[in-house]
Amino acid sequence: MTAIYLMSMIFGLACGQVMSFCFPTEYVMHVERKECAYCLTINTTICAGYCMTRDINGKLFLPKYALSQDVCTYRDFMYKTVEIPGCPYHVNPYFSYPVAVSCKCGKCNTDYSDCIHEAIKTNYCTKPQKSYAVGFSILQ
């Protein structure tokens, strides 16, 4: 009985790592600049989901880097650039944003990810909105 229980626990842990629920998810982003007349609404993809984590009991005996937990983060991504409409001549109207192609469970890299626990709720427009049209991208 103990061997069956032990094998089912090992199988469950192995499948949990393979079958994580971390994948590209649709996300609506609002972008505006105070000098420009419009707010741009962009449909993109971000990495979101659940990653298997473990809490170690011996926290006092381990270095701090060993205590970090895996998060759902980018495996592959690309940048797209759009033009914010209604900007005066002296203002750069271009805005670049990441698009998740594939995701993974891993350490959060602050070079290209926002690694805070709870984001600030500022994803809204204060100006008239323009939607990002497919094929409107300047650079990919």
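See above for the structure.
Residues numbered from 1 in each chain as written. Predicted model: local features only at pLDDT ≥ 70, side-chain atom pairs only at ≥ 80, totals over all residues. Heavy atoms only, no water.

A. Quick peek at the overall build of the protein chain. Of the regular secondary structure elements, the protein chain holds one helix and five strands. Its helices and strands taken in sequence order, the protein chain reads α-β-β-β-β-β from the N to the C terminus. Counting all 140 residues of the protein chain, 22% fall into the buried class. Long-range contacts, defined as pairs at least 24 residues apart, comprise 69% of the intrachain contacts of the protein chain with a sequence gap of at least 6. When the accessible surface of the protein chain is split by element, carbon and sulfur atoms take 60% of a total near 10400 Å². (Helix = DSSP H or I, 4+ residues; strand = E, 2+ residues; numbered from the N terminus. Buried < 20%, exposed > 50% of the residue type's maximum accessible area, 1.4 Å probe, protein only. Contact = heavy atoms within 4.5 Å. Areas by Shrake-Rupley, 256 points an atom, 1.4 Å probe, with all protein chains shown as cover.)

B. Molecular detail of the nonpolar core. Membership of the largest hydrophobic core is limited to ten residues, which are M29, V31, C36, L40, I42, V82, I84, V91, Y97 and V99. Residues within four places of V91 in sequence aside, it is in contact with E35 and C36. C51, Y74, A100 and C103 belong to the second-largest nonpolar core, a separate cluster that totals seven residues. (Core = buried A, V, L, I, M, F, W, Y, C linked by side-chain atoms within 4.5 Å.)

C. Just a nonpolar patch on the surface, in detail. A cluster of nonpolar side chains, F21, F23 and Y50, forms an exposed patch at the surface whose accessible area comes to about 360 Å². Tracing the backbone shows F21 in strand β1 (residues 21-32). What makes F21 exposed here is its relative accessible area of 51%. (Patch = residues over 30% accessible without salt bridge, like charges linked within 9 Å, V, L, I, M, F, W, Y side chains within 5 Å. Salt bridge = Lys/Arg side-chain N within 4 Å of Asp/Glu carboxyl O.)

D. Focus on the state of the cysteines. In this structure the tally under the stated criterion is four disulfides. For C36, the disulfide goes to C87, at an S-S distance of 2.0 Å. Handedness of the C36-C87 disulfide follows from its S-S torsion of about 100 degrees: it is right-handed. Taken together, the residues C36 in the loop between β1 and β2 (39-50) and C87 in the loop between β3 (71-83) and β4 (94-106) connect sequence positions 51 residues apart. The class for C36 is buried, based on a relative accessible area of 3%. Disulfide pairing is shown between C51 and C105; the S-S distance is 2.2 Å. Its S-S torsion of approximately -90 degrees makes the covalent link between C51 and C105 left-handed. (Disulfide = S-S within 2.5 Å.)

E. Broad picture of the pairing of β1. Relative to β2, β1 is paired through twelve bridges, and the arrangement is antiparallel. Looking across to β2, one finds that E26 is bridged to T45. The antiparallel pairing of β1 with β2 creates a hairpin that spans six residues between the two strands. (Pairing = 2+ DSSP bridges.)

F. Spotlight on the environment of P88. By the element assignment, P88 lies in the loop between β3 and β4. For P88, a relative accessible area of 29% translates into the label partly exposed. As a C-alpha pair, P88 and A37 span 51 residues in sequence and 8.5 Å in three-dimensional space. When neighbours within four sequence positions are excluded, P88 is seen to be in contact with E35 and C36.

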